[in-house]
Amino acid sequence: PKLNGEEINFLVQRLINRIIFLRICEDRALEHYRSLQQVTTYAQLKTLFERADQRYNSGLFDFIEDRLSLSITLPDAVLIEIFKELYYPESPYEFSVVEASVLGEIYEHFLAREIQITPEVRIVEKPEVIAAGGVVSTPKYIVDDIVERTLSRLVEGKSPQDLSTFTVADIACGSGTFLLQAYEYLMNHYLEWYLHDGVQKHSDKVWEGSHGQWHLTLHEKQRILTTHIHGVDIDHQAVEVCRFSLLLKVIERETPASVDAHLRRYKQRALPNLRANIVWGNSIVDDSFFAFNPDAITSDALMRKVNPFVWKSGFPHVHSRGGFDAIIGNPPYIRIQNTVQYSPDEAAYYQSDHSPFVTSKSDNFDKYSLFIERALTLLRASGRLGYIVPNKFFTTRAGRALRQLLSEQCNVAEITHFGVEQVFGKHTITYTCILILNKHTTEEFWVEHAPRLSEWRYGQRGIRRVYNAASFSAEPWVFLSPQAEALFERLKHSHPTTLEDVAEILVGVQTSADKIFVFKKYEDAEHVITIKDSQKRSWNIEKAILRPSIYKARLRAFDIVRSNAFMIFPYRVIDDIAVLYTPEEMQQHFPLCWAYLQAHETQLRNRDVQGMSDTTWYRYGRSQSLTKFEGGEKLIWSTLTLMPKYTFDDQHTIFTGGGNGPYYGLRMREEIKLSIHYIQAILSHPLIEVMVSTGASSFQHGYTSHGKQFVKDVPIRTIDFSK
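Here the structure is a predicted model, which is why all the values come from computation and not from measurement.

*Asks:* Before we move on, can you summarise the overall build of the chain with the specific residues and values?
*Replies:* A tally of regular secondary structure across the chain gives 29 helices and 29 strands. Along the first, second and third principal axes, the C-alpha atoms of the chain reach 95 × 65 × 55 Å. Across the 723 residues in the chain, those meeting the buried criterion constitute 51%. Considering only contacts in the chain between residues 6 or more positions apart, those separated by 24 or more positions represent 71%. Carbon and sulfur atoms form 52% of the exposed surface of the chain, whose accessible area is close to 34,500 Å². Taken as two groups, the 80 positive and 87 negative side-chain charges of the chain have centres that lie 2 Å from each other.

*Asks:* Talk me through unusual backbone geometry; I want residue IDs and the actual numbers.
*Replies:* Note: most peptide bonds trans; most residues except glycine with negative phi. Each neighbour pair has its own omega, and for Tyr 88 with Pro 89 the value is 10°, a cis peptide bond. Note that Pro 89 resides in the loop between helix H4 (76–84) and helix H5 (100–111). For His 652, which is not glycine, the phi torsion reads 60° and is therefore positive. Its relative accessible area of 37% is what places His 652 among the partly exposed residues.

*Asks:* Go over the sheet that holds strand E11 (residues 432–438) with me, naming the residues and quoting the values.
*Replies:* The mixed open sheet is built from 9 strands, whose spatial order is E7-E6-E3-E8-E9-E11-E10-E12-E13. With one partner strand each, in any of the chains shown, strand E7 (278–280) and strand E13 (464–468) form the two edges of the open sheet. For this sheet the average axis-to-axis angle between neighbouring strands, irrespective of direction, equals 15°. Note that strand E12 (residues 444–449) and E13 share 5 bridges and pair antiparallel. Residue pairing across strands places Trp 446 opposite Val 466, the latter belonging to E13. Against the sheet, helix H7 (residues 140–155) makes contact with strand E3 (168–170), strand E8 (324–329), strand E9 (379–390), strand E10 (412–417), E11 and E12, and its axis sits at roughly 165° relative to E9, the strand it touches most. Sheet contacts for helix H8 (residues 177–197): E3, strand E6 (229–233), E7 and E8; angle to E6, the most-contacted strand, approximately 175°.

*Asks:* Give me the lowdown on the packing of aromatic side chains, citing residues and values where you can.
*Replies:* Taken as a whole and judged by the stated rule, the model has 45 aromatic pairs. Ring centres of Phe 445 and Tyr 467 lie 5.9 Å apart, and the angle between their planes is 20°; this geometry places the pair in the stacked category. Here the residue Phe 445 occupies a position in strand E12, and Tyr 467 occupies one in strand E13, the gap between them amounting to 22 residues. In this structure, Arg 461 is placed above the aromatic ring of Trp 456, and the distance from its NZ or CZ to the ring centre is 3.9 Å.

*Asks:* Can you break down the sheet that holds strand E16 (residues 523–524) residue by residue, with the values?
*Replies:* Taking strand neighbours across the sheet as the criterion, the 3 strands line up as E16-E17-E18 in an open arrangement whose pairing is antiparallel. Strands at the two margins of the open sheet, each flanked by one partner only, are E16 and strand E18 (538–542). Bridge count between E16 and strand E17 (residues 528–532): 2 bridges; the pairing is antiparallel. Residue pairing in the sheet places Asp 524 in a bridge with Ile 529 of E17. Sheet strands in contact with helix H25 (residues 591–599) are E17 and E18, and its direction is about 135° off that of E18.

*Asks:* Summarise the layout of surface pockets; cite the residues concerned and give the values.
*Replies:* Of the voids in this model, the second largest pocket is the one considered here, and its volume is about 840 Å³. In terms of lining residues, the second largest pocket is bounded by 36 residues, among which Glu 475, Pro 476, Val 478, Lys 492 and Asp 713 are the most central. Those elements that place two or more of their residues in the lining of the second largest pocket are helix H19 (400–409), E13, helix H21 (482–494), helix H28 (686–694) and helix H29 (708–711). Residue contributions to the lining of the second largest pocket peak at 4 residues, all from H21. For the lining of the second largest pocket, the class distribution of residues is 15 nonpolar, 10 polar and 11 charged.

*Asks:* Requested: an account of empty space enclosed by the protein, with residues and values cited.
*Replies:* By rolling a water-sized probe across the atoms, one finds the places where empty space is left. Following the criterion strictly, the structure yields 3 cavities of 30 Å³ or more and no others. Taken as a whole, the second largest cavity holds about 50 Å³ of empty space. Around the second largest cavity sit Leu 406, Ser 407, Cys 410, Asn 411, Val 412, Phe 445, Ala 469, Phe 472 and Trp 477, which together line it. For the lining of the second largest cavity, the per-class residue count stands at 7 nonpolar, 2 polar and no charged.

*Asks:* Can you tell me about the packing of H8 against helix H10 (residues 236–250), naming the residues and giving the values?
*Replies:* Packed helix pairs are specified by the crossing angle of their axes together with the interaxial distance, meaning the distance between the axes. Where H8 contacts H10, the two axes come as close as 10 Å, and the packing angle between them is 30°. With respect to H10, the element H8 is oriented roughly parallel. Between H8 and H10 lies a crossing of right-handed hand. Contacts between H8 and H10 involve Leu 179, Leu 180, Tyr 183, Glu 184 and Met 187 from the former and Cys 242, Ser 245, Leu 246, Lys 249 and Val 250 from the latter. Of the residues that constitute the contact of H8 with H10, the class distribution is 7 nonpolar, 1 polar and 2 charged.

About the criteria used
Residues numbered from 1 in each chain as written. Predicted model: local features only at pLDDT ≥ 70, side-chain atom pairs only at ≥ 80, totals over all residues. Heavy atoms only, no water. Helix = DSSP H or I, 4+ residues; strand = E, 2+ residues; numbered from the N terminus. Buried < 20%, exposed > 50% of the residue type's maximum accessible area, 1.4 Å probe, protein only. Contact = heavy atoms within 4.5 Å. Areas by Shrake-Rupley, 256 points an atom, 1.4 Å probe, with all protein chains shown as cover. Lys, Arg positive; Asp, Glu negative; His and termini not counted. Charge placed at Lys NZ, Arg CZ, Asp CG, Glu CD. Pairing = 2+ DSSP bridges. Axes fitted to C-alpha atoms, helices over the stretch in contact; angles between N-to-C directions. Phe/Tyr/Trp six-rings, centres within 6.5 Å; stacked < 30°, edge-to-face > 60°. Lys NZ or Arg CZ within 6 Å of the ring centre and 35° of its normal. 1 Å grid on protein atoms, 1.4 Å probe; cavity = no way out; pocket = protein on both sides within 12 Å on 5 of 7 lines; lining within 4 Å. Points joined across faces, edges and corners; volume = space filled by probe spheres on them. Nonpolar A, V, L, I, M, F, W, Y, C, P; charged D, E, K, R; others polar. Parallel < 35°, antiparallel > 145°, perpendicular 65-115°, else oblique. Left-handed = near helix turned anticlockwise from the far one by under 90°.

Quick look at the structure:
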């Protein structure tokens, strides 16, 4: 009854790991079959664990470190039921052939949840997992490709002596998927080298099994693991699972005879302790956090949540030789807005002056950029990095800082661009690329646009084009054919005037509560319209406070905008400035609308709106650009579209939208004498559309973004009206 949630999580995971490990050993004949099924009490189970500790010494059964497991009791009936379900006929599984990587994928779903006592015992999803959009396993063919491309340049042709200090790490290792593959890659390399060099010279490293198959000895597998493989994760449970998965890999294909031979020859137990290899910590928060928040060191709760990790003392032998040779993995994709929700102290640190990161200085960034930046600082001068990350940083405004970093240092070596192909399946929409970086300056890099994923994974690779690293900067990275690139450059050079020079590009109104401010009419009278809110209640609203708007409307190319909704506009425009009506003015001039807004006051007050006060709770989320909709002609278009659809409006129609739309607009600058229809025609031209779409973010089903950052630099041919 005195156990807290953290202790219960530790106990449950440690117990499951021990049971699964022994069950696998049984099916591999390393333990007596049905040993677990013969256990009827927790006391007997502890005795079985203690015997296993004498044989394996992996830390998994260490009761010196884990005194807690000895002090608890478990109902015998629960254990008996669990063990019964681990054997035929209740269990359909052959544990001897369950690969460590498969078990790791299963464990990733286990890691997504935790036990909470509130005071009931509940199993809930972890907040950081929710922020990341759930647990998604990296497909094995992606893992294999990244490991091979990252390690091959560093390992091929090298002897064991050459690799005596070689190190590879995953600094967000999770269940250990990437480290398992790296470990297997290195074991295969060593085995091939010993066979090629002559097995008679390396009888302590290899042994011959049945059918002439050669294997590494258990001692050599231990040495390779403890010498080369390293990992860090902020989730203590993930660290446990990663260690566990690697230990299962060590005993893969071992027999009772090979284990006994190892015990006799080396007087060492069968498995290594990985406590110094796979460690618990926050890879992107170091001791500079204490300069940012000096009080953190006295807060146990904050320390465990943020868990700073000092790389110099965490892996001193790696630090002493200049860093890791290779870093691989799939870093977390978590936008700063989501980090603020579950770890506000951590988010504030990233954007503070004490943060070592340059990519976190922008208002909108993603955690994966910090992992790239940190990984580059942890590599040796000859080191190499292999990650799978979102490809949207190539073109988005939020990716500018990362583009600047990588282009300044010329780190990019290889890119496989998956476009809109969904590597992680249909349930998680993420547009990704494989990014291979060198720590040293690289003058050229190649980009491969992958064909259909089903073809790429089975060896049908796309055309690779080589690019000059010096030609890339913080500006959007657009990877084109040579012909298209030459054509676009000629157009831009011949016509340096851009769309932004001749027109003002407008974002839509951001109410932060569209369902309250924007609606379609239900009934129409002379001075009021009747609407229904989300609860199906009827309200009358004065027409004088409404503006025609579009909401979820389909726009057509070269058409005239037809409003399909109304927007409450609680502002009056004075000298080109939008001024919010006071509560008194609202009550006096628009009592029906004021009653409607008051009925939704709680929802409006709960918005995260900067500058909102007790008397301005009904204001829009942002008040910028409200006067841009007054008078004149403008074009309106959908942000996400399959083809150019620039629509004309001269009826003061308002639309919603922010950085991601759903709409954008433009109106001509006063000093410009060009017709807005001329601009409409240029933007609608197929060639100009290709220029926009190739530099824009892509989405499923062929949709591309037509946001401001993608259209503002369209070249405009100016006209001399005197000729």
